[in-house]
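Summary of structural features
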Amino acid sequence: MAAIRAASLGQNVAIAEKNHSVGEKLLISGKGRCNFTNAESDINAFIAKYGDNGKFLYSAFSKFGPAETVNFFKKIGVESVEERGKRIFPASGGSQRVLDALIMQCKKFNVKIMRSTPVKAVKVKNSHIDRVITNNDEFTADKYILTTGGKSYPKTGSTGDGYIFAQQAGHTVTDLYPAIVPVRTRETWVKLASGCNLRNVRLNVILDGKKIDERFGEMEFTNFGISGPIVMDLSSHVPDWQGELIFSLDLKPTLTQEILIERIKREIKNFYGHKRFFGLVRSLVPAQMVKLILELSDIPHDKPIEYISDEEILELVNLLKDIRMNINGLWSFNNAVVTRGGVSLKEVDPSTMKSKLCDNLYFAGEILDLNGPSGGFNLQICWSTGYTAGS
């Protein structure tokens, strides 16, 4: 986006591409479908998704925001569709369609793409980039835009190189954490439900005994913890929550405790024949969750349901609405969608993306200390900051 914008304004532009092919990370975005922005129309609500650092984006969004992004891609042949959560996807072709359209624009404006050309160092003299050294050459330019991404999904080439180059130019890099990433739990029983995808559940965040946040939607159990959209959304905040951190899972968030008790009593009353407790559990939760519920419950799994007491029904209800997991950290950058942290925003002009420390250096994308939740918000950072830097 940065290259296309600069070239469309008459500049001679070259991209030093680390990989043999361009857009490796774009191709895997949205599981290959490329959720390239979000249809949230309230700009303040959109900016709020990025937390305290979001206000940095007001200027870039005013130049090239979500609506401009949709129009831009439409003009270059990528029609879009809106799906659940106001997510915007290509109407067809997924990530490859988006990438192909961007490459065609680069060709249209004569952007030179130097593939298999990883940058090794940035040489700075008197607060000015003098030259850039690559694996087999060195080159100079009037201006440079650093768009290397962060440290997440290093197999795509984003191994944190850009942070080193930024520091070579005198910039501060804030603490780096994996974000939009699965979460580890202290409990090992989660593996009993590994692979189980749950929909329409609530995850409550409890810090030092006090509820501080919640999410409603989809989650998944893994061998080492939990994942899925609501978990990965919350994961970005985990480094900030210092103390005893617990995620409490409510499998029946639309039912009150009283209604769920009555439902279970009807299930017991209306069943004719010899039914055991494990059969009752099977009627209440997905099949992959049965072993986990039986493990956490004190009720014998083969106890006849007609002998289950009111106290045991209450115990079961409390379990279904409050499965507690002690959070034991995040998975690695290898599993993270984006990086939290990056080049300090205090050192970058938000209206141009120009460095305040190096007079011919600009930044765009994930290398900046900006990240948002899933849903198209992180790619929108790339489009808006890329367009602004290119301008």
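Since this is a predicted model, take the numbers as computed values, not measurements.

Brief notes about the overall build of the protein chain
If you tally the helices and strands in the protein chain, you get 13 helices and 18 strands. Classification of the 391 residues of the protein chain by burial places 50% in the buried group. Long-range pairs, those at least 24 residues apart, make up 72% of the contacts in the protein chain between residues at least 6 apart in sequence. Summing over all exposed atoms, the protein chain offers an accessible surface of approximately 18,800 Å²; the carbon and sulfur share of this is 48%. The protein chain carries 49 positive and 43 negative side-chain charges, and their two centres are separated by 5 Å.

Observations concerning the side chain of S355
For S355, the location among the structural elements is in the loop between β17 (338-340) and β18 (361-363). Reaching out from S355, the side chain makes a polar contact with the side chain of H171 at a distance of 2.6 Å. Here the side chain of S355 touches C358 through a polar contact of 2.8 Å, landing on its backbone nitrogen. Every residue in contact with S355, bar those within four places of it in the chain, is listed here: H171, E347, L361, Y362 and F363.

Brief notes about the sheet that holds strand β7 (residues 129-134)
Neighbouring strands of a sheet are bound in pairs by backbone hydrogen bonds; such pairs are parallel or else antiparallel. Taken in spatial order, the 3 strands line up as β6-β7-β8 in an open sheet, and their pairing is antiparallel. Edge strands, defined here as strands with exactly one partner in the open sheet, are β6 (119-124) and β8 (138-139).

Observations concerning the sheet that holds strand β2 (residues 37-38)
Strand order in the open sheet formed by 3 strands is β2-β4-β3, with antiparallel pairing between adjacent strands. With partners counted over all chains shown, the strands left at the sheet margins are β2 and β3 (80-83), one partner each. One ladder, built from 4 bridges, connects β3 with strand β4 (residues 87-90); its direction is antiparallel. Looking at β4, one finds that S80 is bridged to P90.

Side note on the state of the cysteines
One covalent bond between the sulfur atoms of two cysteine residues makes up a disulfide. In total, this model carries 0 disulfides according to the counting rule given. C382 supplies the cysteine sulfur nearest to C106, a cysteine that is in no disulfide, at a spacing of 15 Å.

A short note on the packing of aromatic side chains
Here a ring pair, both rings aromatic, is described through the centre-centre distance and the interplanar angle of the planes. Enumeration over the complete set of coordinates arrives at 11 aromatic pairs. The interplanar angle of 80 degrees and the centroid separation of 6.2 Å between the aromatic rings of Y50 and F377 together place this pair among those described as edge-to-face. Highlighted residues: Y50 in the loop between α3 (43-48) and α4 (58-63) and F377 in helix α13 (residues 377-390), separated in sequence by 327 residues. For the pair Y50 and F377, a shared accessibility class is recorded, and that class is buried. Look at F64 and F72: their rings are 6.0 Å apart centre to centre, the planes differ by 75 degrees, and that puts the pair in the edge-to-face class. The pair formed by F64 and F72 is uniform in burial state, with each residue classed as buried. The side chain of R33 reaches across the aromatic face of F89, ending 4.0 Å from its centre. Over the aromatic face of F224 sits the side chain of R184, whose NZ or CZ is 5.8 Å from the ring centroid.

Let's talk about helix α7 (residues 161-168)
The set of residues buried in α7 consists of G162, Y163, F165 and A166. All buried residues of α7 project into a common sector of 160 degrees when viewed along the axis, lining one side. Tucked into the core, α7 has its buried residues touching β6, β9 (144-146), β17 and β18. A positive backbone phi angle near 95 degrees is found at G170, which sits one or two residues after α7.

Concerning helix α12 (residues 310-320)
An α-helical turn contains 3.6 residues, so any two residues separated by three or four positions project in the same direction. Residues of α12 that are buried include every one of E312, I313, L316, V317, L319 and L320, and no others. Each buried residue of α12 lies within a common arc of 160 degrees when the element is viewed along its axis, so the set occupies one face. Summarising the contacts, the buried residues of α12 are in contact with β15 (245-250), α9 (257-270), α10 (277-282), α11 (290-296) and β16 (323-330).

A closer look at the environment of G243
Mapped onto the elements, G243 comes out in the loop between α8 (229-235) and β15. Separated by 238 residues in the primary sequence, G243 and R5 have C-alpha atoms spaced 46 Å apart. Discounting residues that sit within four places of it in the chain, G243 has contacts with L207 and D208.

Brief notes about the pairing of strand β12 (residues 197-207)
Pairing of β12 with strand β13 (residues 210-221), which is carried by 9 bridges, proceeds in the antiparallel orientation. Counterpart to N204 in the pairing with β13 is E214. Counting the residues between successive antiparallel strands, the hairpin from β12 to β13 contains 2 residues, one of them, D208, with a positive phi of roughly 50 degrees. Bridging between β12 and β15 involves 6 bridges; their strand directions are antiparallel. Along β15, the bridge assignment pairs I206 with I246.

Notes on the environment of I28
Here I28 lies in helix α2 (residues 24-28). Among the residues examined, I28 registers a relative accessible area of 37% and is labelled partly exposed. It is 26 Å that separates the C-alpha atoms of I28 and T174, two residues lying 146 residues apart in sequence. The contacts of I28, once residues within four sequence positions are left out, are Y153 and T156.

Quick word on the side chain of R340
Residue placement: R340 occurs in strand β17. Side-chain polar atoms of R340 contact the backbone oxygen of S236, separated by 2.8 Å. At 2.8 Å, the side chain of R340 and the side chain of D240 are in polar contact. Setting aside anything within four residues of it in sequence, one finds R340 in contact with D175, L176, Y177, A179, S236, H237, P239, D240 and N371.

Calculation notes
- For every chain, the first residue of the written sequence is number 1, and numbering continues from 1 onward in sequence order.
- It should be noted that, the model being predicted, local features are given only for residues of pLDDT at least 70 and side-chain atom pairs only at 80 or more, the latter also being counted only at that level, while totals for whole chains, interfaces and linings use all residues.
- To obtain the side-chain values, all non-hydrogen atoms of the structure were used and water was disregarded.
- Each helix is a run of H or I in the DSSP string that is no shorter than four residues. Each strand is a run of E no shorter than two, and both are numbered from the N terminus.
- For every residue, the accessible area (1.4 Å probe, protein chains only) is compared with the maximum for its type, and the residue is labelled buried under 20%, exposed over 50%, or partly exposed between those bounds.
- By definition, residues are in contact when any of their heavy atoms lie within 4.5 Å.
- What sets the accessible areas is the Shrake-Rupley method with a 1.4 Å probe; for residues, cover comes only from the shown protein chains.
- Lys and Arg are tallied as positive, Asp and Glu as negative. Neither His nor the chain termini are counted.
- In this description, the location of a charge corresponds to atom NZ of lysine, CZ of arginine, CG of aspartate or CD of glutamate.
- In the analysis that follows, any N or O atom pair within 3.5 Å is treated as a polar contact, provided that within protein one partner can donate a hydrogen and the other can accept it, and provided that, for residues neighboring in sequence, both atoms belong to side chains.
- One requirement defines pairing of two strands: DSSP has to find at least two bridges between them.
- Note on disulfides: each one is a pair of cysteine sulfur atoms within 2.5 Å.
- Only Phe, Tyr and Trp rings take part, Trp by its six-membered ring, and two of them pair if their centres are within 6.5 Å. Stacked means planes under 30 degrees apart, edge-to-face means over 60, and tilted covers everything else.
- Look at NZ for Lys and CZ for Arg. If either is within 6 Å of the ring centre and within 35 degrees of the ring normal, a charge sits over the ring.
- An arc is given here, and it is the one of the directions from the helix axis to the C-beta atoms.

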